[in-house]
Amino acid sequence: MSRQTNSFYNKFSLLYPLADIFLQSHKRVLFREVNNQPCGELLEIGVGNGKHLPMYRTHKITGIDTSSSMLAKARHHKTGGIELLQMDGESLLFSDQTFDYVVLCHVIAVVGDPEALLEEAYRVLKPNGKMFVLNHFTPNTWLKYFDYSFKVVSRLLHFRSVFFINRLEKIKKFNLLKEISFGPHAYFKLLIYSRA
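Conventions used here
Residues numbered from 1 in each chain as written. Predicted model: local features only at pLDDT ≥ 70, side-chain atom pairs only at ≥ 80, totals over all residues. Heavy atoms only, no water. Core = buried A, V, L, I, M, F, W, Y, C linked by side-chain atoms within 4.5 Å. Buried < 20%, exposed > 50% of the residue type's maximum accessible area, 1.4 Å probe, protein only. Helix = DSSP H or I, 4+ residues; strand = E, 2+ residues; numbered from the N terminus. Contact = heavy atoms within 4.5 Å. pLDDT = per-residue confidence, 0-100. Pairing = 2+ DSSP bridges. Right-handed = clockwise from strand over helix to strand, strands pointing away. Polar contact = N/O pair within 3.5 Å; in protein donor to acceptor, adjacent residues only side chain to side chain. Axes fitted to C-alpha atoms, helices over the stretch in contact; angles between N-to-C directions.

Got a minute to help me understand the nonpolar core in this structure?
In terms of nonpolar packing, the biggest core is built from 28 residues, with L43, V102, L104, M131, V133 and I165 touching the most fellow members. When residues of this core are traced back to their parent elements, those giving at least two are β1 (41–45), β4 (99–105), α4 (114–124), β5 (125–136) and β7 (188–195). Top contributing element to this core by residue count: α4, with 5 residues. Once you skip the residues sitting within four places of it in the chain, M131 turns out to touch V102, L104, L118, A121, L125, I171, F174, L191, I192 and Y193.

Before we go on, may I ask you to explain the confidence of the model for the protein chain in this structure?
Interpreting fine coordinate detail is not advised for predicted regions of low pLDDT. Scored by pLDDT, the protein chain comes out at a mean of 82, with 74% of its residues at no less than 70. Within the protein chain, the lowest mean pLDDT, 45, falls on helix α1 (residues 3–12), and the highest, 98, falls on β1. In this model residues 7–15 is a low-confidence stretch, pLDDT under 50, and it forms 16 contacts with partners more than four residues away in sequence or in other chains.

In this structure, what is going on with the pairing of strand β3 (residues 83–86)? I would like to understand it.
Every regular strand shows the same layout, with side chains that alternate between the two sheet faces. Bridging between strand β2 (residues 60–65) and β3 involves 4 bridges; their strand directions are parallel. Following the sheet pairing, D65 is matched in β3 by Q86. Taken together, β2, helix α3 (residues 68–74) and β3 form a β-α-β motif whose crossover is right-handed.

Even after reading the chapter, I still don't get the pairing of β5, so can you show me in this structure?
Two elements, β4 and β5, share 6 bridges in a ladder whose sense is parallel. Residue pairing across strands places Y101 opposite K130, the latter belonging to β5. With α4 bridging β4 and its parallel neighbour β5, the resulting β-α-β unit is right-handed. Where β5 lies against β7, 7 bridges are found, and the strand directions are antiparallel.

What am I meant to see in the environment of Y56 here?
Relative to the assigned elements, Y56 resides in the loop between β1 and β2. Look at Y56 and you get buried, because its relative accessible area is 8%. Each C-alpha atom of the pair Y56 and V34 lies 7.9 Å from the other, and the pair is 22 residues apart in sequence. Leave out the neighbours within four places in its chain, and Y56 touches F31, V34, N35, L42, E44, I61 and V103. In this structure the side chain of Y56 is engaged in a polar contact, spanning 2.7 Å, whose partner is the side chain of E44.

Explanation requested: the side chain of N135 in the structure shown.
You can see N135 is positioned in strand β5. Using a relative accessible area of 2% as the deciding quantity, one classes N135 as buried. A distance of 3.5 Å separates a polar atom in the side chain of N135 from the backbone nitrogen of V107.

I keep staring at the sheet that holds β1 and nothing clicks. Help me out?
Within a sheet, adjacent strands bond to each other through the backbone by hydrogen bonds, running parallel or antiparallel. One open sheet holds the 7 strands; their spatial order is β3-β2-β1-β4-β5-β7-β6, and the pairing between them is mixed. The open sheet is flanked by β3 and β6 (174–182), the only strands paired with a single partner. Pairwise comparison of adjacent strand axes, ignoring direction, gives a mean angle of 15° for this sheet. Alignment of β6 against β7, held across 8 bridges, turns out to be antiparallel. Pairing of K178 across the sheet is with I192, part of β7. Sheet strands in contact with α4 are β1, β4, β5, β6 and β7, and its direction is about 145° off that of β5.

Structure (structure tokens):
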């Protein structure tokens, strides 16, 4: 992630609780799915302010973020077995096949290089490990025009308003296990993949 983007998210950490309110119902579904999995080592890339950390129930959690301000806030919400580290998801410092699960919660459309992020997620996942991707995805409905019209503004806010995950080459290394849509137009989705 670029220094400019990191600086933006350090500042954005003050407004992040507003985004949290909007995304709370999506995160409840994410954590229900994550907590239903057998106990294992879990990596969350882009842990943000960490307000959701107490929602993890069954796993040993490692959370990373590039923003020092976000991590400072996240430390207020961490419980016993959770480890928080400042690290770039596009260049992870973990060994191959370290984790049973990887969580990407509203992060894949904000990183500088989503392909590198997916490659790293694949590398650190154990065979048959699972990746949970919660994000907005540009739909093939009239909503796609809203995404395209917002493209210039979204660059200033350091995210991609137009985002098609199936256009990413590295996603083909994973098998899609489950898709959960939120709302009638399926603008937000939770996608659960396994490492092939």
